[in-house]
Amino acid sequence: MSEIVYLNGEFMPLEQARVPVLDRGFIFGDGVYEVIPVYSRHPFRLPEHLRRLQHSLDSIRLANPLSDGEWTRLTRDIVARNEGDDQSVYLQITRGVARRDHAFPKDAKPTVLMMSGPLSTPAKDLVDSGVPAITATDYRWLRCDVKSVSLLANCLLRQTALDAGAAEVVMFRDGYLTEGSSSNIFAVKSGRVLAPPKNHLVLPGITYDVVLELAAAHGIPCDVREIPEQEVKTADELWLTSSTREVLAITTLDGKPVGTGKPGAVFRRIHPLYQEFKRKVMRQAA
Ligand code: PMP
């Protein structure tokens, strides 16, 4: 069965979905997006994703084309029309179609796309082994809190990691940890979880919030503060978090082992807590 997508008010097979070449998303990367994990056909933390979407839209001065109720119905609809209990819903809004001009068009209608594919979370062997990462200078723009479709820098950075045989970059700006190319990064030192603060230099991750909530609820000490590069390089543990990769241990950094070179003790506490939390939320939603 072909994937069904929603484009500007209509549902259609993915192969039939077309956007004009003058769409500002294509010409300028002038748009924002969200990725929402769906477990057992229940969208995970949808209100939080919609709140972040509103922040992104406000930041680029684009009116939200749908209400939260409409987004919620549309998300459920697209999930129902696609195969698989676990899905990854992608939605994107661009400033619409207009003659190429940097200035905002006066009366363009935003382009609204929603699609959904299978959700592939990390296999058990990856959770057990952890993944390699490399360090990189964060050369992205200064509004990384906006979930913008302009992801060229993120793509270049991710490819640098892949070319080095690594899964992710751990980025620093002015000597402090920011995040990964598509994930937030946590460090652990002497049993304390360290997380960079949410500001304009990082995407406010939904998984980041879940991890901090779980740590607080289970008495794992956390410090949200600026983390100097040196502290990251000498951390006992590093983790990356995202909606699709959940919580994964980074076990080598620039080819050197992080801590013991295996997922650490605090990771081995937080990972099952995350899985249990997911199951609990889904049971409540059912
Ligand atoms: N930072 C960046 C740059 C990302 O692209 C992502 C993935 N959307 C994240 C962090 C993690 O966010 P979330 O936990 O909401 O998936």
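Here the structure is a predicted model, which is why all the values come from computation and not from measurement.

## So, the overall build of the protein chain
- When you go through the protein chain residue by residue, the secondary structure sums to eight helices and 15 strands.
- For 286 residues, the compact-globule estimate of 2.2 N^0.38 gives 19 Å, and the protein chain sits close to it at 19 Å.
- With the principal axes as the frame, the protein chain shows a C-alpha extent of 55 × 45 × 30 Å.
- A total of 286 residues make up the protein chain; the buried ones form 50% of that total.
- Counting contacts in the protein chain only where the partners sit at least 6 residues apart, residues at least 24 apart contribute 71% of the total.
- Accessible surface computed for the protein chain: about 13700 Å², of which carbon and sulfur atoms make up 55%.
- The averaged location of the 35 negative side-chain charges in the protein chain is 1 Å from the averaged location of its 35 positive side-chain charges.

## Concerning the nonpolar core
- Formed by 42 residues in total, the largest nonpolar core has its most connected members in Val170, Phe186, Val232, Leu238, Trp239, Ile250 and Ile270.
- At the level of secondary structure, the elements contributing two or more residues to this core comprise strand 7 (131–137), strand 8 (168–173), strand 10 (184–189), strand 11 (192–195), helix 6 (206–217), strand 13 (237–242), strand 14 (246–253) and helix 8 (265–285).
- For this core, the element with the highest residue contribution is helix 8, accounting for seven residues.
- When near neighbours in sequence (up to four residues on either side) are disregarded, phenylalanine 186 contacts Val193, Leu194, Ala195, Tyr208, Val211, Leu212, Glu237, Leu238, Trp239 and Thr241.
- Counting residues in each nonpolar core, the second largest holds 21 residues, with Leu53, Ile78, Val79 and Val146 among its members.

## Some details on the site of the ligand
- In the vicinity of the ligand, 17 residues are found, and the nearest of them are Arg52, Lys147, Glu179, Thr207 and Ser243.
- Protein coverage of the free-state accessible area of the ligand, which is 390 Å², stands at 93%.
- Elements with a minimum of two residues in the shell around the ligand: helix 6 and strand 13.
- Split into classes, the residues belonging to the shell around the ligand amount to two nonpolar, 11 polar and four charged.

## A few points about the side chain of threonine 207
- If you trace the backbone, threonine 207 turns up in helix 6.
- The exposure class of threonine 207 is buried, given its relative accessible area of 4%.
- Contact partners of threonine 207, with chain neighbours within four places excluded, come to Thr241, Ser242, Ser243, Glu246 and Tyr274.

## A look at a nonpolar patch on the surface
- A cluster of nonpolar side chains, Val21, Phe26 and Ile27, forms an exposed patch at the surface whose accessible area comes to about 310 Å².
- Here valine 21 is to be found in the loop between strand 2 (10–13) and helix 1 (24–28).
- Residue valine 21 is classed as exposed on the basis of its relative accessible area of 59%.

## A closer look at the packing of helix 2 (residues 46–59) against helix 3 (residues 68–81)
- At their nearest, the axes of helix 2 and helix 3 sit 11 Å apart, and the two run at 125 degrees to each other. The angle between helix 2 and helix 3 falls in the class oblique. For the pair helix 2 and helix 3, the sense of crossing is right-handed. Each of Leu46, Leu50 and Leu53 in helix 2 lies in contact with helix 3, whose residues at this interface are Asp68, Trp71, Thr72 and Thr75.

Cut-offs and rules
Residues numbered from 1 in each chain as written. Predicted model: local features only at pLDDT ≥ 70, side-chain atom pairs only at ≥ 80, totals over all residues. Heavy atoms only, no water. Helix = DSSP H or I, 4+ residues; strand = E, 2+ residues; numbered from the N terminus. Rg over C-alpha atoms; globule rule 2.2 N^0.38 Å. Buried < 20%, exposed > 50% of the residue type's maximum accessible area, 1.4 Å probe, protein only. Contact = heavy atoms within 4.5 Å. Areas by Shrake-Rupley, 256 points an atom, 1.4 Å probe, with all protein chains shown as cover. Lys, Arg positive; Asp, Glu negative; His and termini not counted. Charge placed at Lys NZ, Arg CZ, Asp CG, Glu CD. Core = buried A, V, L, I, M, F, W, Y, C linked by side-chain atoms within 4.5 Å. Near = heavy atom within 4 Å. Nonpolar A, V, L, I, M, F, W, Y, C, P; charged D, E, K, R; others polar. Patch = residues over 30% accessible without salt bridge, like charges linked within 9 Å, V, L, I, M, F, W, Y side chains within 5 Å. Salt bridge = Lys/Arg side-chain N within 4 Å of Asp/Glu carboxyl O. Axes fitted to C-alpha atoms, helices over the stretch in contact; angles between N-to-C directions. Parallel < 35°, antiparallel > 145°, perpendicular 65-115°, else oblique. Left-handed = near helix turned anticlockwise from the far one by under 90°.

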